[in-house]
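Structural overview
Here's the letter readout for the chains.
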Amino acid sequence: MQLEDIKGIAVLGTGTMGHGIALLCALAGYQVRLFGRSDASLERGFSQIRSGLELLARNGLVDDFRIEGVMENIKGVTTLAEAAAGADFVIEAVVENLAVKQGLFQELDALAPPHAILASTTSGLDPTELAALTRRPERVIVTHFWNPPHLLPLVEIVRGEKTAAATVDLARALVIRLGRKPIEVKKAVPGFVGNRLQLALLREALYIVEQGWATPEDVDAAVKYSFGRRLAVTGPLESADLGGLDVFYSIQSYLNQDLCHERGPSQLLKEKVERGELGIKTGRGFYDWQDERVAAVKKAREEDLIKRMKEDLGFIPAFPAKAAAAYMAEAARTGERPGI
């Protein structure tokens, strides 16, 4: 199967990842079947899809007149049989539980056409294990979108032990067609690439607070107002090259031994979870999260991500959305600009 053979895409799950991925697929012109377990969940999913499209339209990234057409590209269904029927590519975005996902993939194996690719948005589960109960392990793959998928460009493509090279190539081509930036993880290590890096930083941040060396506010400020600003332009390895590998070698020679080497979860994190301080879910984590603060932080993050999307596009206000979509795909394909 080639990219041009993909006509219908099934997206399973109406939560944060599912609705964002459905939006991307429909925006790229695909006919999408969005699976939700109830009419209520589908209604929430469609509401979020519309909100996402309206956000892009307000910022000139989608033409207003296209919103209804994009919405019409998505059909909500409440059975797996309806979702999988005729699908060429299935993207699973349900709860992060191996047993649940394995059962789902086993059902999809029986319901989806033999040629269909079965993909998962898991952020760390092994695609070999996801494929264990299917008869098509060569067509099972991970396509890990990042949250929110309609604003963040990265998609990690992870092959299982039996995933065919053609499946990897097709998944990459589809991700580019959606205007995203694919990377290939050569081996399905826990956490893949992005979460290994993200959790390594979090481990040290928690350790610094635990030791009383700095407050949560100052730890966050240290990232936001220093290397965090560079990372969107130069990744950690590029930054090391720019700074001089001899310099970083010298720093590692004395600093590595003093970094946190805790192999289990942070004690500070454990205590907060046990007290029910879960962040915005409960109104308190490392910060107090009142409704006004939640809205302000989310708005600031959203505006920054939109700004970066426009930078990726070489955006000018009159840039037509149709041309923007084509530009995104070409930029991702050639690597001349990051895909968005």
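Reference entry: report on the structure contained in this document. Throughout this description, residue numbers start from 1 for each chain and increase along the sequence as written. For a predicted model such as this one, the threshold for reporting local features is a pLDDT of at least 70, and the threshold for listing and counting side-chain atom pairs is 80 or more; totals across whole chains, interfaces and linings nevertheless cover every residue. The basis for the side-chain values is all heavy atoms of the structure; hydrogens and waters are excluded.

Secondary structure follows DSSP: runs of H or I at least 4 residues long count as helices, runs of E at least 2 residues long count as strands, and numbering of each begins at the N terminus. For the chain, the helix and strand inventory stands at 15 helices and 8 strands. For 340 residues, the compact-globule estimate of 2.2 N^0.38 gives 20 Å, and the chain sits close to it at 21 Å. Reported as C-alpha extents along the three principal axes, the dimensions of the chain are approximately 55 × 50 × 45 Å. Each residue is placed in one exposure class: buried if its accessible area under a 1.4 Å probe, protein chains only, is under 20% of its type's maximum, exposed if it is over 50%, and partly exposed if it falls in between. Evaluated residue by residue, the chain yields a buried proportion of 42% over its 340 residues. For this measure, only C-alpha atoms enter the radius of gyration; the expected value for a globule follows 2.2 Å times N^0.38, where N is the number of residues.

Core analysis: the biggest nonpolar cluster contains 47 residues, and Ile9, Tyr30, Val32, Ile49, Leu53, Leu56 and Phe89 have the highest contact counts within it. A per-element tally of this core places helix α1 (residues 16-27) first, with 8 residues. Counting 18 residues, the second largest nonpolar core, distinct from the first, contains Phe35, Ala84, Val94 and Ala131. Take the buried Ala, Val, Leu, Ile, Met, Phe, Trp, Tyr and Cys residues and link them wherever side-chain atoms come within 4.5 Å; each set so joined is a nonpolar core.

Quick look at the side chain of Lys101 now. Within the secondary structure layout, Lys101 lies in helix α5 (residues 98-111). On the basis of relative accessibility, which here comes to 0%, the residue Lys101 falls in the buried class. The contact rule is simple, with two residues in contact once any of their heavy atoms fall within 4.5 Å. Apart from residues no more than four positions distant in its own chain, Lys101 is found in contact with Glu92, Val94, Val95, Glu96, Ser120, Thr122, Leu125 and Leu130.

It is worth spelling out the packing of aromatic side chains at this point. In this description, an aromatic ring pair is defined by two values, namely the gap between the centres and the angle between the planes. Here a Phe, Tyr or Trp ring, Trp counted by its six-membered ring, pairs with any other such ring whose centre lies within 6.5 Å, and the pair is stacked when the planes are under 30 degrees apart, edge-to-face when over 60, and tilted otherwise. Enumeration according to the criterion identifies 2 aromatic pairs in this entry. Residues Tyr207 and Trp213 carry aromatic rings whose centres are separated by 5.5 Å and whose planes lie at 85° to one another, so their mutual orientation is edge-to-face. Both a distance and an angle decide whether a charge sits over a ring: NZ of Lys or CZ of Arg must be within 6 Å of the ring centre and within 35 degrees of the ring normal. Over the ring of Phe286 we find Lys272, and its NZ or CZ is 5.2 Å from the ring centre. The aromatic ring of Trp289 is capped on one face by Arg293, whose charged end is 4.6 Å from the ring centroid.

Here we come to the side chain of Asp109. Locating Asp109 in the fold gives a position in helix α5. Take Asp109: its relative accessible area is 6%, and that puts it in the buried class. Definition of a polar contact: a pair of N or O atoms within 3.5 Å, with one able to donate and the other able to accept a hydrogen when the atoms are protein atoms, and with sequence-neighbouring residues admitted only if both atoms are side-chain atoms. Reaching out from Asp109, the side chain makes a polar contact with the side chain of Arg136 at a distance of 2.7 Å. Contacts of Asp109, omitting those with residues within four sequence positions, involve Leu118, Thr134, Arg135 and Arg136.

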